[in-house]
Amino acid sequence: MKTVRTRFAPSPTGFLHVGGIRTALFAWLVARQNHGKFILRFEDTDKKREVEGARQHLIDSLKQLGLDYDEGPDVGGPFAPYTQSERLDSYKQWAQKLIDSGRAYADPYSAEEVQAFREQAQAAKQPFLYRNHRPEQPPAWDGSQPLRFKSDPKPYKWHDEVMGDLHSGPEVIDDFILIKSDGYPTYNFAHIIDDAEMEVSHIMRGQEFLASIPNYLNLYEALGLEPPVMATMPHILGPDGKKKLSKRDGAKDVLDYIRDGYLPDALVSFIATLGWNDGTEQEVFSRQELLDKFSLSRVQKSGAHFDERRLLWVNGHFIRELSLDELYKKVADYWPPEAQDHDDAYKKQALGLVQERLKYFAELPELTGFFFTDLPVNAELISGHKQLKKLAAADLKAWLEQTKTSLADSDFSAVDLGKRLNELLEQTGQKPAVLFSLIRIATTQSPASPGLAETLAILGKERSLRRLDVQLSALAD
Ligand code: GLU
């Protein structure tokens, strides 16, 4: 059997968004499942669209996600170079073969003339086909004109690992450009040569290329090459399921997610399930589970929904699976500045309490700030509270006084605090939604916190009583 060789072939035209990296992940999974090779190739033949820094960015994104490649521009390999602009001689040689066999010719028309043909076709409500204008006696190709493929229109039937059995008629086959007048090949030509020379066995790519596949099949034939296995990925749609994913829907740079404290394993699990499932209800997958279970035949044909809320949920799931020690190491750079005056034990306790709710590391300051600093009294927390706002300040004060008295005698263990808080409910005749909200606001100045007794236990007696006093005097004003 042929060795499985897959490739990720991005153009260095911008950052890699979470949806865009799915192709890389699926190609990586297929290579690793089959003990094959995964290749990175830069497709940089459209110099106008190139973005500075994009190459390093693509490399960093793959590295961060743990999608290691065996061959590529920065690591070399048996078929180097892995950058298209460094392979121009190859394309020229293959182009020459096509010229010699009468399957490629110089395009003698100016851009304006080709445009005029296109407009004629539009006016006649006909699809534009260049081959209808194929010159009878094209000039010799000197590199200054585009080089075109002399196609052989015919119907095709082929199998796509995702889209199933497909077919097309001769009307979609045309004389497309192989080499542009700037000397660079088109994607349509270059990727076929590279995949053949690099012995790629499987091509995974986006749906935008589906309509061109009959033309590729025609060119493979002319070149005497066997086409690789093809797998066309469904579109990734925004959360409404209608439009293609846009930046506004969360098509964020994958490195931004990493910087915000998303775990690579969570991103990989989330990306894998954009259009794939294992046939059960399972929603999160470890890397090993993906290696065991992934198959192209279970990738769906219809568009996949990108929902950033689901990504948050998946990341929270992976965060909860970490041991406290592991999590503590990973969040080292995310603490609020005030935390630096506190020791590891205190920070770890605070982290242990918020682990349950933490969805990404950059949220840490917001969730833990009150552990490290006395936040100023925020009157709106009471005046905007559904229940508390209806109550008289005198009552709130009386309950806070009772709380103070009881807590003053506590050893501040979570167990003792829990007991006292329950007694306070009885003493005041209030529900937790009222009394505990009030105490929580007074001691944290935050609308939400982890379990109240546990929070107070970590804050300790001195801090808790001091904050109750501050809240009391604010209510007196
Ligand atoms: N360079 C193409 C792109 O970035 C890659 C398509 C392919 O994988 O063949 O869209």
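Residues numbered from 1 in each chain as written. Predicted model: local features only at pLDDT ≥ 70, side-chain atom pairs only at ≥ 80, totals over all residues. Heavy atoms only, no water.

J.: Where do I start with helix 8 (residues 264–272) in this structure?
T.: Think of an α-helix as 3.6 residues a turn; residues three or four steps apart then line up on the same face. Across the nine residues that make up helix 8, a large majority, seven, are buried. Along helix 8, the residues classified as buried are Ala266, Leu267, Val268, Ser269, Phe270, Ile271 and Ala272. If you follow the buried residues of helix 8, they end up packed against helix 1 (21–33), helix 7 (254–259), helix 9 (287–293) and helix 10 (308–321). (Buried < 20%, exposed > 50% of the residue type's maximum accessible area, 1.4 Å probe, protein only. Helix = DSSP H or I, 4+ residues; strand = E, 2+ residues; numbered from the N terminus. Contact = heavy atoms within 4.5 Å.)

J.: Help me understand the site of the ligand in this model?
T.: The full set of residues close to the ligand is Arg7, Ala9, Pro10, Ser11, Glu43, Tyr187, Met204, Arg205 and Phe209. Contacts to the ligand include Ser11, whose side-chain N or O atom sits 3.0 Å from a nitrogen atom. Compared with its free state, where it exposes 300 Å², the ligand has 79% of that area covered by protein. Here the shell around the ligand is built from residues that sort into five nonpolar, one polar and three charged. (Near = heavy atom within 4 Å. Polar contact = N/O pair within 3.5 Å; in protein donor to acceptor, adjacent residues only side chain to side chain. Areas by Shrake-Rupley, 256 points an atom, 1.4 Å probe, with all protein chains shown as cover. Nonpolar A, V, L, I, M, F, W, Y, C, P; charged D, E, K, R; others polar.)

J.: Help me understand helix 3 (residues 88–100), please; the structure alone is not making it clear to me.
T.: Taking 1.5 Å as the rise per residue, helix 3 with 13 residues should run 18 Å; its terminal C-alpha atoms sit 18 Å apart, in good agreement. Among the residues of helix 3, those classed as buried are Ser90, Tyr91, Trp94, Ala95 and Leu98. The buried residues of helix 3 occupy one face: seen down the axis, they fall within an arc of 130°. Turned more than 90 degrees away from the buried face of helix 3, the exposed residues are Asp89, Gln93 and Asp100. Buried residues along helix 3 sit in contact with strand 3 (104–106), strand 4 (147–149), strand 7 (177–179), helix 5 (187–197) and helix 6 (213–223). Downstream of helix 3 by one or two residues, Gly102 has phi in the positive range, about 75°. (Expected span 1.5 Å × (residues − 1). Arc of directions from axis to C-beta.)

J.: I keep staring at the pattern of salt bridges and nothing clicks. Help me out?
T.: When their charged atoms lie close together, side chains carrying opposite charge are able to pair. In total, this model carries 32 salt bridges according to the counting rule given. In this structure, the salt-bridge partner of Arg41 is Asp195, at a minimum N-O distance of 2.8 Å. A residue pair is termed long-range when its members are at least 10 positions apart, and Arg41 in the loop between strand 2 (37–40) and helix 2 (54–64) and Asp195 in helix 5 qualify at 154 residues. Each member of the pair, Arg41 as well as Asp195, is classed as buried. We note a salt bridge from Lys359 to Glu363, for which the minimum N-O separation is 3.3 Å. A relative accessible area of 10% places Glu363 in the buried class. (Salt bridge = Lys/Arg side-chain N within 4 Å of Asp/Glu carboxyl O.)

J.: How do you make sense of the pairing of strand 8 (residues 202–206) when you look at a structure like this?
T.: Consecutive side chains of a regular strand alternate in pointing toward one face of the sheet and then the other. Across the five residues that make up strand 8, a large majority, five, are buried. Sheet analysis places strand 8 next to strand 9 (residues 229–233), joined by five bridges and oriented parallel. Bridge pairing in strand 9 links Arg205 to Thr232. In terms of handedness, the path from strand 8 via helix 6 over to strand 9 forms a crossover that is right-handed. (Pairing = 2+ DSSP bridges. Right-handed = clockwise from strand over helix to strand, strands pointing away.)

J.: Which parts of the structure should I look at to understand the nonpolar core?
T.: One broad rule of soluble globular proteins: the nonpolar side chains tend to lie buried together. If you look at the biggest cluster of nonpolar residues, it comprises 81 residues, and the most contacted ones within it are Leu178 and Phe189. The residues touching Leu178, leaving out its near neighbours within four places in the chain, are Leu98, Ala104, Leu147, Arg148, Phe149, Pro185, Thr186, Phe189 and Leu219. Ranked by size, the runner-up nonpolar core spans 27 residues in total, among them Ala266, Val314, Ile319 and Val331. (Core = buried A, V, L, I, M, F, W, Y, C linked by side-chain atoms within 4.5 Å.)

J.: So what exactly am I meant to see when it comes to the packing of aromatic side chains here?
T.: Geometrically, a pair of aromatic rings is defined through the distance of the ring centres and the angle of the planes. Under the defined criterion, the tally for this structure stands at 16 aromatic pairs. Judged by centre distance (6.2 Å) and plane angle (55°), the rings of Tyr328 and Trp335 are tilted. Each member of the pair, Tyr328 as well as Trp335, carries the same accessibility label: buried. Among the aromatic residues, those joined into a cluster by ring pairs are Phe26, Trp276, Phe285 and Phe294. Taking NZ or CZ as reference, Lys97 lies 3.9 Å from the ring centre of Trp94, over its face. (Phe/Tyr/Trp six-rings, centres within 6.5 Å; stacked < 30°, edge-to-face > 60°. Lys NZ or Arg CZ within 6 Å of the ring centre and 35° of its normal.)

J.: How do you make sense of the side chain of Gln145 when you look at a structure like this?
T.: Turning to its location among the elements, Gln145 is positioned in the loop between helix 4 (111–123) and strand 4. Among the polar contacts made by the side chain of Gln145, one reaches the main-chain carbonyl oxygen of Ala140 at a distance of 3.2 Å. What Gln145 contacts, discounting residues up to four positions off in sequence, is Ala106, Asp107, Pro139, Ala140, Ile179 and Ser181.

J.: Got a minute to help me understand the environment of His342 in this structure?
T.: Inspection of the secondary structure assignment puts His342 in the loop between helix 11 (324–330) and helix 12 (344–354). Along the sequence, His342 and Ser473 sit 131 residues apart, while their C-alpha atoms lie 28 Å from each other. Dropping the residues within four chain positions of it, His342 is found in contact with Lys347, Phe371, Phe372 and Arg463. Separated by 3.4 Å, the side chain of His342 and the backbone oxygen of Glu338 make a polar contact.

J.: Sorry if this is basic, but what is going on with unusual backbone geometry here?
T.: Excluding glycine, residues mostly have negative phi values, and the peptide bonds linking residues are mostly trans. Here the residue pair Ala80 and Pro81 is connected by a cis peptide bond, since its omega of 0° sits within 30 degrees of zero. Not every positive phi belongs to a glycine, and Lys125 is a case in point at roughly 55°. For Lys125, the location among the structural elements is in the loop between helix 4 and strand 4. Given a relative accessible area of 75%, Lys125 falls into the exposed group. Phi at Glu199 takes a positive value of approximately 55°, unusual for a residue other than glycine. Looking at the element boundaries, Glu199 is found in the loop between helix 5 and strand 8.

J.: Looking at this model, I keep getting lost on the packing of helix 15 (residues 393–408) against helix 16 (residues 414–428). Mind explaining?
T.: Packed helices, taken two at a time, are described by the angle between their axes plus the distance between the axes. Packing of helix 15 against helix 16 brings their axes to within 10 Å, and their N-to-C directions diverge by 145°. The handedness of the crossing between helix 15 and helix 16 comes out as right-handed. In this structure, helix 15 contributes Trp399, Gln402, Thr403, Ser406 and Leu407 to the contact, and helix 16 contributes Leu417, Arg420, Leu424, Gln427 and Thr428. When grouped by side-chain class, the residues that make up the contact of helix 15 with helix 16 number four nonpolar, five polar and one charged. (Axes fitted to C-alpha atoms, helices over the stretch in contact; angles between N-to-C directions. Left-handed = near helix turned anticlockwise from the far one by under 90°.)

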